[in-house]
Structures are given as structure tokens and as C-alpha cells.
Amino acid sequence: MAIKLSKKAVSTGLVLASLLSGCASLAPPVERVLQTTPAVANDTELDRVIGATLEPFPGESGAYFLKDGLDAFAARLAGADRASRSIDAQYYLFHDDVTGRLLAHRLLLAANRGVKVRLLLDDIGVQGRDSDLLALDAHPEIDVRIFNPFANRRFRLFEYLYRFGVVTRRMHNKSMIIDGVVAIAGGRNVGDEYYDAHEASNFLDMDVMVFGPAVQDISGQYDDYWNSRSSYSIGELSQKQITQDEAEAGWVKLEQYSQAQKDGIYLKRLRETPTFDHLQAGTLPVAIAPALVLSDRPEKIQLPLEDDSTHLGPALWPLFRQVSEELLILNPYFIPGHDGVAALAEAVNRGGRVIVLTNSLASNDVAIVHGHYAKYRKPLLRAGIEIYELKVDRPGITSSDPGDGAQEAHMSLHVKTFIFDRKKAFIGSLNLDPRSVYQNTELGVVVEDAEMAEEIAVITLDRLPDIAYQVGLDESDRLFWLGRDPVTHE
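Conventions we followed
Residues numbered from 1 in each chain as written. Predicted model: local features only at pLDDT ≥ 70, side-chain atom pairs only at ≥ 80, totals over all residues. Heavy atoms only, no water. Helix = DSSP H or I, 4+ residues; strand = E, 2+ residues; numbered from the N terminus. Buried < 20%, exposed > 50% of the residue type's maximum accessible area, 1.4 Å probe, protein only. Areas by Shrake-Rupley, 256 points an atom, 1.4 Å probe, with all protein chains shown as cover. Pairing = 2+ DSSP bridges. Contact = heavy atoms within 4.5 Å. Axes fitted to C-alpha atoms, helices over the stretch in contact; angles between N-to-C directions. Polar contact = N/O pair within 3.5 Å; in protein donor to acceptor, adjacent residues only side chain to side chain. Phe/Tyr/Trp six-rings, centres within 6.5 Å; stacked < 30°, edge-to-face > 60°. Core = buried A, V, L, I, M, F, W, Y, C linked by side-chain atoms within 4.5 Å. Salt bridge = Lys/Arg side-chain N within 4 Å of Asp/Glu carboxyl O. Expected span 1.5 Å × (residues − 1).

A. Local environment of the overall build of the chain. Within the chain, the secondary structure is distributed over 17 helices and 21 strands. With respect to the three principal axes, the spread of C-alpha positions in the chain is 75 × 75 × 45 Å. Counting across all 490 residues of the chain, residues that qualify as buried make up 54%. Accessible surface for the chain amounts to roughly 21400 Å². Of this, 54% is attributable to carbon and sulfur atoms.

If you want it as C-alpha cells, here you go:
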């Protein structure tokens, strides 16, 4: 017996079929030869410069922190321009904007010189960009891989339903390694808002450029992620295919875009900030000190949340427990939990000063995170922890919470830095929230240099009255926010 369906039923069926096609599964990665960063041969300009800088300090690393966003991006471009052997870039986000296109073009130029380029991206930020990535991957010296990819390249929402707990665990690491001798790691993704030139809003952030043994460790974790079974070549994943002519057309567009930006703020800063010239001349203020690289293993995303055998946390948490004088926490998505509150309270009980700078509601780009953080304000304050919340410069706040404003924020905190007794500084990608600690993978560097730690602490504390409200409790156990503006209460 034939069944006649209405047009509406047919349409509904097609929609369901389309959604169900999203229930694709990833094929196992093809068998491939393990790839690692080419060995340092001491025959490039960077090899010689770094070798000469560190020769008097065997076994120690060099570190230079990048607090200015324009300088941080200029350092990446300059590093790509100086590469002679290899570039390994690893990012959570790589936007299709000014910075993304300029850096992609610099990678392409390096590849044209014969430099081996590997680009490893988390899949969360590249939706709809397979064609761009395929064009880069088509270059014989560039390989592009995607970490923990979505099986369906078009319809992701449905995949959150049937692969929840898998696609929600992401690679949050950020690193760029030049010739295996220079690395930049920290909080910055690739996007205009991370480099101080976005039209609407920007992030306060920090990176560290390192040289010496620490680079080998950053490079080692990169190789682990690159060779992980969770990393797929864009060619294996994409349902699209592009011709060589289409790829070359994409390269030409990058070249044309870069030429159009020659008088823009980023390339101008590159010309004005000769980081590597200063390094060669010995005028770059490099800290020479032990540097400990901490990173989650790529297998973290596949293991139960309570299994911390692949986590960086067990190596980092003792530094919090050893604080005796001062702990400075700069963290945008700060959700300490009851155990975290207790740990910080212990530091106060040992006689230490604990200062936290985090986002207000207005400066937070993820409002739900602020809601989870807010319930820990009073317990933290009662324990003696000092809390500062980044403010948006606007007069006449009338809301009960100065972070709850109707006007659009123009600055947001994105720094993930901890200063321990002004002797050690952690600079990395780790947020102190459950997602970062238990689900995503992270990377950071602990530099054991008191001068660097002191400088970061002084810069931060000197700026606090201008950039943040201090949160307090009055005699009625009500929250108040104290800044250069009048006090406001909850």
C-alpha cells in the first residue's frame, strides 16, 4: 500500500535526515610517520644568537615577558621572518581577521623559503574555514592538523548532543616555536582582540618568549599533540577538495591583503619593534633562570575527569601551597571552588598576602562564568583574600554591581599569570576554573626569576587603582566596590 506524504512531512523528513547525517563518526587517523621538530643544527642565525646569549649560563633558559599586545604580535611576525628551519604553531583560536591573515601570510612566506611549517589548531574556532586551511595545507612545506575535530564539518550543534563530553573538551594551549630555539607561550590566541587593536574591545593579556632548554620542552609537548590520534590532517577531515589553482589563488589573496596592511598598525609596530635585533645586540632585558614547562598531555581529553595522571595541576598546585609572603593571581575566569577557597585561606593563615585580579561582570566576555565566580566572593573576602575586579572606564555607575552596566565593555582580562612570593612567575593558558583544570588541555611556563616576578607584580599592583575596583565587605556583610569612583554596594 502506498503512503502519500504531505509537503510538510517531506520537508520535516529532510530536515531530520540532515540532522541525522550529523551523527557522523570520525574515521581512525591514517597511518603516518611520527613527526618532530627538526633538530637544532647550530647553523642558523637564530641558533647562533641564542647560543651566544645562553653560553655563559649552561642548563638555564632565557625568558622575556610580553605584556604589550602590539609588541606580542610583532614578536610572532618577526620570529616567522627569522625562521630558517621550522615553525610550529599551536592555537585554540586562529581568527580570520587582520592578525590571522597577516600571520598566515608570514607562515606562507616562510614556507616559500623552504621552512617546514606545522599549524595545529583546535577545531572550536575554525568552523566554515576548511577551504582556507586546505589552501595552506596544499603548500608542500605546510601541514595543517585539527585537534579533537567535529565529525561533521557543517552541522556542529547536533554533535554537541550525541558527542557531548568529547567535543566539549578542547585544546586550549597556545604556543609558537621558531627553529626549535625560540618559543612564545601564554594566554594569547590569534585574533585582533588579543593584540590591542580591535575596534570594539580588547583583552589584557600576557605571553612569555623563552629560549634554551624550556623551548625543547614546549616543542616536545607540541610533538605529542601533533602526533596524537586526536589530531587529524585537514585533508583527512574536510569534505571539500581544492585544486592547486584554487590554493594558489588563496595564497595570492593573502599576499594582496598583507600588502594592503603595510601601513597598518601591526606591520608598523613590527618595523618599530626590532625584538630580535635587540636580542642579537644584547639589549633585550632577558631573564636568565630555570624555567619549568607545565603542560597537560593530549590524552587528558579522553580520560575521566577525576583522573589527573595527565594533568599539569599536580606539578603546579604545590607552588600555591608553598607561598609564605605573597600570592598574586591574575585570572579572567576565576571559579576557585570550596577547595580553592580553602587553599587560598591557608596561604593567608601562613601570613601571606593573597591578591586576586579577575573580571567584573561587564568586562567578562563569558557572563555565565561570572555567575559561578560571584558566589565565592564573600567566602574569599572572609578568609582575608583581596579581590579586585577589572572595570570599564565609564562615569556615573548606578548599578548595585559596578560590573553590571548597560554600556559595552571595551576591555576584558585574559591574563593567566600567577606570581609566587615575587620569586616565580607562571605565564600560560590555564584558567582557575573546572573547565580548564579538568576538561581542556593547557600549557604554561614557570620562570624562576625574582626580577621578572617582581616587575610583573609591581606593574600590576601599581595599576590596580586605575583599572579595577577593590571588592570588600562592610559591617553588615554586604559587598561593596571601592575605586576612584564612589563606593557602590550590592
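Moving on from the coordinates now.
B. Just the sheet that holds strand β13 (residues 353-359), in detail. Strands sit in the order β11-β18-β17-β16-β12-β13-β14-β19-β20-β21 across an open sheet of ten strands; the sheet is mixed. Edge strands, defined here as strands with exactly one partner in the open sheet, are β11 (291-295) and β21 (488-489). By the bridge criterion, two bridges tie strand β20 (residues 479-482) to β21 in an arrangement that is antiparallel. Bridge pairing links Phe480 to His489 in β21. Docked against the sheet, helix α7 (residues 213-226) engages β11 and β18 (443-447), running at close to 10° with respect to β11.

C. Here's a closer look at the side chain of Ser231. Relative to the assigned elements, Ser231 resides in strand β9 (residues 231-233). Judged by its relative accessible area of 0%, Ser231 falls in the buried class. Among the polar contacts listed, one links the side chain of Ser231 to the backbone oxygen of Tyr225, at a separation of 2.6 Å. Leave out the neighbours within four places in its chain, and Ser231 touches Arg32, Leu120, Arg145, Ile146, Phe147, Tyr225 and Trp226.

D. Fine view of the sheet that holds strand β2 (residues 86-91). Strand order in the open sheet formed by nine strands is β9-β4-β3-β2-β5-β6-β8-β1-β10, and the pairing between neighbours is mixed. Strands at the two margins of the open sheet, each flanked by one partner only, are β9 and β10 (287-289). When the angles between neighbouring strand axes are averaged without regard to direction, this sheet yields 20°. One ladder, built from four bridges, connects β2 with strand β5 (residues 175-178); its direction is antiparallel. For Ala89, the partnering residue across the bridge sits in β5 and is Met176.

E. Geometry of the packing of aromatic side chains. Inspection of the entire model under this criterion finds eleven aromatic pairs. Note on Phe334 and Tyr373: the rings are 6.3 Å apart at their centroids and 55° apart in plane angle, and the pair reads as tilted. Placement of the pair is Phe334 in the loop between β12 (326-330) and α13 (337-349) and Tyr373 in helix α14 (residues 367-374), with a sequence separation of 39 residues. Each member of the pair Phe334 and Tyr373 is classed as buried. Three or more aromatic residues joined by ring pairs form one cluster here, namely Trp317, Phe320, Phe418, Phe420 and Phe426.

F. A look at the nonpolar core. Within the largest apolar cluster, 64 residues are counted, with the highest numbers of intra-cluster contacts made by Ile87, Phe94, Leu121, Val144, Ile146, Val182 and Met209. Setting aside residues up to four positions removed in sequence, Val182 forms contacts with Leu46, Ile50, Met176, Ile177, Met209, Val210, Phe211, Val215 and Phe276. Counting residues in each nonpolar core, the second largest holds 45 residues, with Met171, Ala185, Ile218 and Leu443 among its members.

G. Geometry of the pattern of salt bridges. Scanning the model with the defined rule gives 25 salt bridges in all. Ionic pairing is found between Asp71 and Arg269, a salt bridge with its closest N-O pair at 2.8 Å. Placement of Asp71 in helix α3 (residues 69-82) and of Arg269 in helix α10 (residues 265-272) is noted, with a sequence separation of 198 residues between them. Classification of Asp71 by relative accessible area gives partly exposed; the value is 21%. Each of the salt bridges in this network shares a partner with another, and the network as a whole consists of Asp43, Asp47 and Arg85.

H. Representation of α7. Compared with the 20 Å implied by 1.5 Å per residue over 14 residues, the 20 Å span of α7 between its first and last C-alpha is a close match. Among all positions of α7, only Ala214, Val215, Ile218, Ser219, Gln221, Tyr222, Asp223, Tyr225 and Trp226 are buried.

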